[in-house]
Structures are given as structure tokens and as C-alpha cells.
Amino acid sequence: LLKIYYDSIISHFMHFDSKGDTWDMGREIFGYTRVSTKEQHLERGIQEIITFCADHDLKIDVDRNIKTDKQTGKDFKRSGYISLKECVRKDDIVIIPEYDRLGRADETARELAYFKEKGVDVIFLDIPTTYLFLEKGNDSGMMKTIYSFINDTLISVFQLLATTELDRKQKRQAEGIAQKRLSDSWDDYGRPRKLSKKKFFERYKNVEDGVITNALLFSELKNRMSQATYYRYVREYRNERQSNSIK
């Protein structure tokens, strides 16, 4: 009975490869994957982690150690990711299918610095140099230093590309919104208007012409819009009149 107990304790703290050799004492393997919406599926990322572990003789507790989230990468307030950070310790390995699954570029840099300071190795399956240290002969102090430098450089490039792509996307979006403002389709953008621009302008012109008062027009429209919305439409009318859009 004592031997069974001893063997169970040892197996918990030591990971064995397919040849029976020990991995590192106390080292655990974790996985993390994320999709942006509840409608998307996590299975592909989970399977990539499992396949990688099988190919590299790494033992991972799939049910316990693969953390997942169905949430955007705008920040790191995600239950699966928070659980991952609480579980990992020095010398553990975290496997992530793709670099951008962790999060957005600027905040990802800070998270990677956290793992590095904690002594946790992070592997991105789309950056092969992040797992070269797993190969025999590549685990010496010198090789780890070299690979760390290479990985830091590559990750900086990935961050630059991600940031550049985000800036480009935001620029295209801003240009598209500006173009919509100039077209008749602007009223269809975003939250629906309480009253079309054309109809409001027609009714507010009566205020400008002295047919009715401002207070009376708002009284007629208050069941359809708030006072803040009403005066936003008024400013819109006056801005367009000043730019000679209203004759």
C-alpha cells in the first residue's frame, strides 16, 4: 500500500516520455486557446495542442490543463486565462495554437513578460522557434539564451505586424464612416435614428421660419426621442445649414 501511494506521488510530480525517460521534475504542460464569439468553435485549437503534445512526447491533462475562452482579445479579463495564470508555476510550459489567440499586440507583450519573469515557457505553434528548446541538445543554458533572443525578436515582429494591421483596419473603418456620412446611407449606420435626417430637417425648418416654436416641436417629438437626441439633431441641422447643405 505504501509503495502504491509512493508511486502515485512520484507520477504526479514527474512526466514520462514514450521511452520511459523522465521529463523535468514538477513541470506541467498547459494549453490555452480562445475564440472571439460564443458561436465559434474551440475544438480546432484544442486538437492542435493535443497533437503537438503527442508529437513531442509531452503529457497533458486535457480536461484540467487546457484552458479556453469564448471572448474577444481586447483585454485579459477572461476566466480561462485567469485560471491559467493561477495554475502555472516555474518551469511549466504553456502551449498556444496561434500568437493572436493570446490577445492584442500591446497587452500581449506585457503578459509574455509576466510568464518570462515567472520562469514559464510559452510556445506558439505558429512560431516554431518557440519550441526548439524541446529538442534534445537544445536545453543547455547557452541554447536557451540564444532561442530566447530569437523568440523575443520574432515576437516583436509579430507585435509590429499586428499593430500595423490594427492601425490599417481602423484607418479603413474611419475612411468608410467618413464616406458614409457623405452618402444617403449614413442614416443606416450604427444605431437607427429616432427620426430620419430629412424628416427632422423638414420639421425643424418650421422653427427657423417662425411657424412653430422650438419648445413646441420638441413637445411633439419627445415621445420619440430624448432631449439630448433632439438637440443633437438641431446641431446637425445648423451645421449643415452653415456648410450650405440646406438651402
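Description of the overall build of the protein chain
Right, so step 1: The number of helices and strands found in the protein chain is 9 helices and 4 strands.
Right, so step 2: Each helix and strand of the protein chain, ordered N terminal to C terminal, gives the series α-β-α-α-β-α-β-α-β-α-α-α-α.
Right, so step 3: Taking all 247 residues of the protein chain together, 32% fall into the buried category.
Right, so step 4: Accessible surface computed for the protein chain: about 16,000 Å², of which carbon and sulfur atoms make up 54%.

Points about the packing of aromatic side chains
Right, so step 1: Per the stated rule, a full pass over the model turns up 13 aromatic pairs.
Right, so step 2: Seen in terms of ring centroids, Tyr-81 and Phe-115 are 6.3 Å apart; in terms of plane orientation they differ by 90°. Their pairing is edge-to-face. Here the residue Tyr-81 occupies a position in helix H4 (residues 79-87), and Phe-115 occupies one in helix H5 (residues 105-118), the gap between them amounting to 34 residues. No difference in accessibility class separates Tyr-81 from Phe-115, as the two residues are buried.
Right, so step 3: Ring centres of Tyr-99 and Phe-124 lie 5.2 Å apart, and the angle between their planes is 65°; on these two criteria the pair is classed as edge-to-face. Highlighted residues: Tyr-99 in the loop between strand E3 (93-96) and H5 and Phe-124 in strand E4 (residues 121-124), separated in sequence by 25 residues. Take Tyr-99 and Phe-124: they sit in the same class, and that class is buried.
Right, so step 4: Three or more aromatic residues joined by ring pairs make a cluster, and in this case those are Phe-200, Phe-201, Tyr-204, Phe-218, Tyr-230, Tyr-231, Tyr-233 and Tyr-237.
Right, so step 5: One Lys or Arg, Arg-78, reaches over the ring of Tyr-81 and ends 5.6 Å from the middle of that ring.

A look at the side chain of Asn-65
Right, so step 1: Structurally, Asn-65 can be placed in helix H3 (residues 62-65).
Right, so step 2: Among the polar contacts listed, one links the side chain of Asn-65 to the backbone oxygen of Ile-29, at a separation of 3.1 Å.
Right, so step 3: Aside from chain neighbours lying at most four places away, what touches Asn-65 is Glu-28, Ile-29, Phe-30, Gly-31 and Ile-60.

Focus on the environment of Met-225
Right, so step 1: With respect to the element layout, Met-225 can be found in the loop between helix H8 (214-221) and helix H9 (227-242).
Right, so step 2: Along the sequence, Met-225 and Lys-194 sit 31 residues apart, while their C-alpha atoms lie 6.1 Å from each other.

Brief notes about the pairing of E3
Right, so step 1: Side-chain alternation along E3 places Ile-93 and Ile-95 on one buried face and Val-94 and Ile-96 on a second face that is also buried.
Right, so step 2: The pairing of strand E1 (residues 29-35) with E3 spans 3 bridges and is classified as parallel. Bridge assignment links Ile-29 to a residue of E3, and that residue is Ile-93.
Right, so step 3: Sheet topology places E3 next to E4; 4 bridges connect them, and they run parallel. Looking at the pairing, Ile-93 lines up with Asp-121 of E4.

Details of the sheet that holds E4
Right, so step 1: Spatially, E2-E1-E3-E4 is the arrangement adopted by the 4 strands of the open sheet, whose pairing is parallel. Among the strands making up the open sheet, the edge pair consists of strand E2 (66-70) and E4. Along the sheet, successive strands turn relative to each other by an average axial angle of 20°, direction set aside.
Right, so step 2: The sheet strands contacting helix H2 (residues 43-55) are E1, E2, E3 and E4, and the helix crosses E1 at an angle near 155°.
Right, so step 3: Across the face of the sheet, H4 comes into contact with E1, E2 and E3 while running at roughly 155° to E2.

Regarding the environment of Ala-109
Right, so step 1: Within the secondary structure, Ala-109 sits in helix H5.
Right, so step 2: Taking relative accessible area as the criterion, Ala-109 reaches 31% and is therefore assigned partly exposed.

A few points about unusual backbone geometry
For residues other than glycine, phi is negative in most cases, and the peptide bonds are mostly trans.
Right, so step 1: For Asp-57, which is not glycine, the phi dihedral falls at a positive 55°.
Right, so step 2: Checked against the element boundaries, Asp-57 lands in the loop between H2 and H3.
Right, so step 3: A relative accessible area of 34% places Asp-57 in the partly exposed class.
Right, so step 4: You will see that Asp-91, though not glycine, has its phi angle at about 80°, which is positive.
Right, so step 5: For Asp-91, the location among the structural elements is in the loop between H4 and E3.

Notes on the packing of H8 against H9
Right, so step 1: The N-to-C vectors of H8 and H9 enclose an angle of 125°; their axes lie 11 Å apart at closest approach. Judged by the inter-axis angle, H8 sits oblique to H9. As H8 packs across H9, the resulting crossing turns out to be right-handed. Every residue of H9 that contacts H8 at Asn-214, Leu-217, Phe-218 and Leu-221 is listed here: Gln-227, Tyr-230 and Tyr-231.
Right, so step 2: Residue composition of the contact of H8 with H9, grouped by class: 5 nonpolar, 2 polar and no charged.

Parameters at a glance
Residues numbered from 1 in each chain as written. Predicted model: local features only at pLDDT ≥ 70, side-chain atom pairs only at ≥ 80, totals over all residues. Heavy atoms only, no water. Helix = DSSP H or I, 4+ residues; strand = E, 2+ residues; numbered from the N terminus. Buried < 20%, exposed > 50% of the residue type's maximum accessible area, 1.4 Å probe, protein only. Areas by Shrake-Rupley, 256 points an atom, 1.4 Å probe, with all protein chains shown as cover. Phe/Tyr/Trp six-rings, centres within 6.5 Å; stacked < 30°, edge-to-face > 60°. Lys NZ or Arg CZ within 6 Å of the ring centre and 35° of its normal. Polar contact = N/O pair within 3.5 Å; in protein donor to acceptor, adjacent residues only side chain to side chain. Contact = heavy atoms within 4.5 Å. Pairing = 2+ DSSP bridges. Axes fitted to C-alpha atoms, helices over the stretch in contact; angles between N-to-C directions. Parallel < 35°, antiparallel > 145°, perpendicular 65-115°, else oblique. Left-handed = near helix turned anticlockwise from the far one by under 90°. Nonpolar A, V, L, I, M, F, W, Y, C, P; charged D, E, K, R; others polar.

This is a description of form; function is not addressed.
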